[in-house]
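Structure at a glance
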Amino acid sequence: MKLSRLTPRQLLEIDACTRCGECLRYCPVYIEREEEAINPRGKIRAIKRFIRSQFGIWAKLFGPKKLSEDQLKKFSEMVYRCTLCGECGMVCPVSIRSKDLWIGLREVLVELGYYPKEFDTLKKNVLTEHNISGLDNEGRIEWLEAMGDLPEHRYQKEKAEVIYFVGCVASYFPMVHKIPQGMVNIMRRAQVDFALLGGAEWCCGFPLIGAGMRKEAEEMMAHNLEEVRKKGAHTAIFTCPSCFHTWKEEYHSEINLFHFTQFLLNLIQEGKISFKEEKLKVTYHDPCDLGRASGIYDPPRAILRAMPGVELVEMKDHGPYCRCCGGGGNLEMIDPELSAALAREKIKQIQETGAEMVVTSCQQCIRTIMTTARRMKIPIKALNLTELVLKHMK
Amino acid sequence: MEIEGYQFPDDLYYHKEHFWAKVDGHSVTVGTTDFAQKLAGEIVYVELPSVGRSVEQDKPCGSMESGKWVGRIYAPLSGKVESINEALEDSPELINQSPYDKGWMFKMTPSKLEEELGKLMKVGDLEGFIKSEMERIKKK
């Protein structure tokens, strides 16, 4: 086993795990399955064992033990059955940045060829079509067609101050087309000078990074950055928390990056958006890549507070402790049952609040929650904050 | 008729993107095939073309998604959409349960019926096509 994909810090972190088990109280996968092998502590224990068998004192004396196919397969299952929600790292008493570690381990496994075969399709789609769906990339803005009263440039102007980076899921999956449609409508009513990249927008690279294929994501990142620069934009905004987080952490650009919740809050504070009064009781779900990964908890809540008549009731686990909906880490692709089981737990917490709807700021959370609710015939309503803002705008 | 375990009613016309058209006088009903619904898995959302919209043969006019898959809805014929199956909004799984009956997608008035029907397949043309599609998918 090669460890070149892991940083010296990560190797130290593996050694630093005291097996205290604090992470077990928060890992949604462990809470659901109760299997030691797939919890954060179990994963670190397994990698420690591998490292010892390859580089420990006995390996030095008698040579490294060859890892069996079965061992590697099992280890791969452990590492990929995770939503990358990051809650384990947040509560770790010795500050192990576990989410980065899980991604590093996935990179090791990809190098060894032990990763879920579903990721080959993902890789092929992203590298050939430049989006996760595998559909023609020129069709990225088909959701625009359903909107009336479009200007001639269809928001694909040559130059603009702001680029709205839509992301693959909201571009292609019809259940969440209302998110980009809502965002465009809000911006045109608030008179924001913005443009879409259309077919020139490529996958941000996040699904590949999450799969352990960081190298393949580099081409995507270089292309997107170049396209935004060509438009002369100083700002890029995102409705997808994962695209936003990836741009922030991986793109290293001079462009100002805003998640839409930050951007809309600015517009509200500048008086460009105001709301009519409407009584509504909502709860808010913090998407993992927006909350724990990017530290954005208050802007969406401040927007809800700015809406007269809207009452926010928090879920039992919220803010930094918000339980993942099950839609992260590409888990839906490899273990849809586990992903749905996590969504059921989320739905339970939503229902306990007595709110009329759950509001969130992520398209994938909406898909995961609503798909499970529909399958189970649970009558709950999940809305993206863009839709609620548009509905309540004066 | 059954081909490789998939049902294909005899009285329909079939489009190469796995949609069917049922011609009834001046009205055409459109839906997706048993083959496509099984391949897609449980459909969880459908976006149908709006009523009054003109659609063009072979061009996408909507989309549908299952848990991990998304695909376009292609118009098997050109014409104007007259009505949509509103039941699919709350119960998209009807496409899986009853692809040729309760899971119909939209009804349209065709504009070039005679000319375009010739480009569609009848059930007798399907056997080789479905086998080649299965091979193509296996290779993917």
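The rules behind the values
- Residues numbered from 1 in each chain as written.
- Chains lettered and ligands numbered in written order.
- Predicted model: local features only at pLDDT ≥ 70, side-chain atom pairs only at ≥ 80, totals over all residues.
- Domains from an automatic or database assignment.
- Contact = placed C-beta atoms within 7 Å.
- Nonpolar A, V, L, I, M, F, W, Y, C, P; charged D, E, K, R; others polar.
- Pairing = 2+ DSSP bridges.
- Helix = DSSP H or I, 4+ residues; strand = E, 2+ residues; numbered from the N terminus.
- Core = buried A, V, L, I, M, F, W, Y, C linked by C-beta atoms within 7 Å.
- Buried ≥ 20, exposed ≤ 12 C-beta atoms within 10 Å, placed from the backbone.
- Arc of directions from axis to C-beta.
- Axes fitted to C-alpha atoms, helices over the stretch in contact; angles between N-to-C directions.
- Left-handed = near helix turned anticlockwise from the far one by under 90°.

A separate point is the domain arrangement of chain A. All names here are of chain A. Assigned domains within chain A: domain 1 (8–112), domain 2 (118–267) and domain 3 (274–392). The gap between the C-alpha centroids of domain 1 and domain 2 is 33 Å. On the domain 2 side, the residues contacting the 6 residues of domain 1 number 6 residues. The residue makeup of the side of domain 1 that touches domain 2, split by class, is 4 nonpolar, no polar and 2 charged.

Looking now at the sheet that holds strand E3 (residues 13–15) of chain B. For sheets, the rule is that strands pair by backbone hydrogen bonds, running either parallel or antiparallel. All names here are of chain B. Reading across from one edge, E3-E4-E5-E11-E10-E7 is the order of the 6 strands in this open sheet, with antiparallel pairing throughout. Strands with a single pairing partner mark the edges of an open sheet, and in this sheet they are E3 and strand E7 (54–55). With 2 bridges connecting them, E7 and strand E10 (residues 79–84) associate as antiparallel partners. Bridge assignment links Ser54 to a residue of E10, and that residue is Lys80.

Once that is clear, we can look at the interface of chain B and chain A. The partner chain A presents 12 residues to the 10 residues of chain B that form the contact. Only strand E6 (43–47), strand E8 (60–66) and strand E9 (70–74) of chain B provide two or more residues apiece to the side of chain B that touches chain A. In the side of chain B that touches chain A, the residues fall into 4 nonpolar, 2 polar and 4 charged.

Turning to the nonpolar core, a few remarks are in order. Ranked by internal contacts, the top residues of the largest apolar core, which has 148 residues, are Ile163, Phe238, Leu264 and Ile369 of chain A. The residues contacting Ile163 of chain A, other than those within four sequence positions of it, are Phe194, Ala195, Leu197, Val228, Lys231, Ala233 and Ala236 of chain A.

Turning our attention to the pairing of strand E5 (residues 27–32) of chain B. Residue and element names in this part refer to chain B. Burial within E5 is extensive, with 5 of its 6 residues counted as buried. Sheet topology note: the strand E4 (residues 19–24)/E5 ladder contains 6 bridges and is antiparallel. Within E5, the residue paired with Phe19 across the bridge is Thr32.

What follows concerns helix H16 (residues 298–305) of chain A. Residues and elements named next belong to chain A. Of the residues making up H16, those classed as buried are Pro299, Pro300, Ile303 and Leu304. All buried residues of H16 fall inside an arc of 140° around its axis, so they share one side. Considering only its buried residues, H16 is in contact with helix H15 (260–269), strand E5 (280–285), strand E6 (310–312), strand E7 (357–360) and helix H20 (385–392).

All right, on to the environment of Lys59 of chain B then. Residue and element names in this part refer to chain B. Along the chain, Lys59 turns up in the loop between E7 and E8. Using a count of 10 C-beta atoms within 10 Å as the deciding quantity, one classes Lys59 as exposed. Once the C-alpha coordinates of Lys59 and Tyr74 are considered, the two residues, 15 residues apart in sequence, prove to be 5.4 Å apart. Excluding its chain neighbours within four sequence positions, the residues that come into contact with Lys59 are Tyr74 and Ala75.

As a further point, take the packing of helix H5 (residues 69–80) of chain A against helix H7 (residues 98–112) of chain A. Residue and element names in this part refer to chain A. At a closest axis distance of 10 Å, the pairing of H5 and H7 adopts a crossing angle of 145°. The interaxial crossing formed by H5 with H7 has left-handed handedness. Each of Leu72, Ser76, Val79 and Tyr80 in H5 lies in contact with H7, whose residues at this interface are Trp102, Leu105, Arg106, Leu109 and Leu112. Here the residues of the contact of H5 with H7 are counted per class, giving 7 nonpolar, 1 polar and 1 charged.

Our focus in this paragraph is the sheet that holds E7 of chain A. Residue and element names in this part refer to chain A. If you walk across this open sheet you meet the 4 strands as E6-E5-E7-E8, and the pairing is parallel. Sheet topology places E6 and strand E8 (382–384) at the edges, where each strand pairs with a single neighbour. Across the sheet, the axes of successive neighbouring strands diverge by a mean angle of 40°, strand direction being ignored. For E5 and E6, the ladder comprises 3 bridges, and the chain directions are parallel.

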